[in-house]
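Chains, contacts and geometry: an overview
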Amino acid sequence: MVQDSFGRAHDYLRISLTDVCNFRCTYCMPKEDMQFMPSSKLMQACEIDAIVKEFVKLGVNKIRLTGGEPLARKDLGDILKKLAVYPVELTLTTNGYLLDRHLLDLLNAGVQSINISLDSLQAEKFHKITQRNYFNQVWNNILLAVKSGLHVKINTVIMQGVNEDEVLDFVQLTKDLPVHVRFIEFMPFDKNDWNQSKVFTYQDILNTVSEKFEYLPIKGHLNDTSKKFKILNHQGTFAVISTMTAPFCAGCNRMRLTADGKMKNCLFSNGEANLLSVLRNQEDIIPIIKQCVWEKKEALGGQLDKNYQKIDIKKLNNRSMIAIGG
């Protein structure tokens with residue numbers, strides 16, 4: 001098991017398959033005319049397979065495929081087949097738009113759980129946030145995923161003045177649907193127009209939920225990124241990912257691989273290790289992986305103040321969210 005200098009064991013790898021996305025969410029990729037990476041710079045299916053093989057040797061037992069939009073990758077089926085042979089829990093995060101086209105591939109690869117991003121239950125507001133009029137397609141695919149037996153988590157970035165008025169509507173979903181709604185505090189990335197006033201906090205969310213529902217906490221685990229809750233007689237659950245107001249760095253076990261093969265030891269780290277170049281030079285990537293993890297900062301990439309009110313977005317040195325991978 002690979003460890004950092006603080007003794008945290010890392011066994012969870014998140015792999016971005018592409019920086020391409022068919023949405024233009026304002027907090028992630030606001031520019032309509034985004035320039036995406038050329039194919040030659042992306043990890044190819046065989047290279048993803050080769051890199052994953054080394055991570056598995058180091059004890060990785062969970063892999064999440066992200067993007068951009070991972071379902072937009074044309075060779076997704078081939079990638080899934082290659083990764084399905086490893087003794088890992090294979091999962092995926094998607095915006096849901098193309099899910100019906102790839103559902104069988106996911107099920108055949110042994111995927112049992114997926115995260116679907118959905119920031120509004122109102123078609124008009126969904127259109128405003130994503131700059132795409134795809135709400136009905138996404139919602140129908142969420143229902144399709146539930147019907148197929150997948151464990152469905154709905155990821156909702158909550159932003160003050162944008163969608164905080166829908167918190168109760170999202171929680172209400174968990175009454176009759178076995179979905180697991182996860183509210184995410186708005187986080188700062190390159191050019192995503194973040195500021196402190198837009199953060200609808202963990203406590204704000206709980207205060208809002210308590211206006212209508214009584215809830216109980218669900219016992220968590222060391223590596224959890226979310227704080228989970230259950231409402232009596234509801235089929236599903238809700239949770240909060242409190243990166244800004246109550247970080248969970250002490251139990252972090254995650255490593256990230258960008259679509260161009262750069263390894264990041266934290267979502268907010270300003271450093272990267274170029275695994276793809278090392279692999280293409282036919283050199284051993286394991287020492288690079290170990291060194292990258294060892295250099296991981298204690299919290300928030302060493303860049304963000306633990307008091308989100310003091311964060312200076314102008315000093316943040318990082319990629320945009322779309323270029324990192326969710």
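Below you will find a few notes about this structure. (Residues numbered from 1 in each chain as written. Predicted model: local features only at pLDDT ≥ 70, side-chain atom pairs only at ≥ 80, totals over all residues. Heavy atoms only, no water.)

All right, on to the overall build of the chain then. Helices and strands together make up the secondary structure of the chain, namely ten helices and 14 strands. Relative to the compact-globule value of 20 Å for 326 residues, the chain shows a C-alpha radius of gyration of 19 Å, a close match. Expressed as a percentage of the 326 residues in the chain, the buried residues total 57%. Of the roughly 14700 Å² of accessible surface on the chain, 50% is carried by carbon and sulfur atoms. Each charge class in the chain can be summarised by its mean position, and for the 41 positive and 36 negative side chains these summaries are 2 Å apart. (Helix = DSSP H or I, 4+ residues; strand = E, 2+ residues; numbered from the N terminus. Rg over C-alpha atoms; globule rule 2.2 N^0.38 Å. Buried < 20%, exposed > 50% of the residue type's maximum accessible area, 1.4 Å probe, protein only. Areas by Shrake-Rupley, 256 points an atom, 1.4 Å probe, with all protein chains shown as cover. Lys, Arg positive; Asp, Glu negative; His and termini not counted. Charge placed at Lys NZ, Arg CZ, Asp CG, Glu CD.)

By the secondary structure assignment, Thr-243 is in the loop between strand E11 (237-241) and strand E12 (254-257). By relative accessible area, Thr-243 is classed as buried at 6%.

A separate point is the packing of helix H6 (residues 167-176) against helix H7 (residues 202-210). At their nearest, the axes of H6 and H7 sit 9 Å apart, and the two run at 65° to each other. Classed by the angle they form, the pair H6 and H7 counts as roughly perpendicular. The hand of the H6/H7 crossing is right-handed. Together, Val-167, Leu-168 and Val-171 of H6 and Ile-205, Thr-208 and Val-209 of H7 make up the contact between the two elements. For the contact of H6 with H7, the residue count by class is five nonpolar, one polar and no charged. (Axes fitted to C-alpha atoms, helices over the stretch in contact; angles between N-to-C directions. Parallel < 35°, antiparallel > 145°, perpendicular 65-115°, else oblique. Left-handed = near helix turned anticlockwise from the far one by under 90°. Contact = heavy atoms within 4.5 Å. Nonpolar A, V, L, I, M, F, W, Y, C, P; charged D, E, K, R; others polar.)

As paired elements, strand E9 (residues 215-217) and strand E10 (residues 227-231) share three bridges and run antiparallel to each other. Looking across to E10, one finds that Tyr-215 is bridged to Ile-231. Adjacent in sequence and paired antiparallel, E10 and E11 are bridged by five residues, among which Asn-233 carries a positive phi angle near 70°. (Pairing = 2+ DSSP bridges.)

Going through the model one piece at a time under the given rule, you end up with nine salt bridges. In this structure, Arg-73 and Asp-75 form a salt bridge, with 2.6 Å as the shortest nitrogen-oxygen distance. On the basis of relative accessibility, which here comes to 8%, the residue Arg-73 falls in the buried class. Across the salt bridge formed by Lys-228 and Asp-224, the nearest N and O atoms sit 3.2 Å from each other. Linked by salt bridges that have partners in common, Lys-125, Asp-165 and Glu-166 make up one network. (Salt bridge = Lys/Arg side-chain N within 4 Å of Asp/Glu carboxyl O.)

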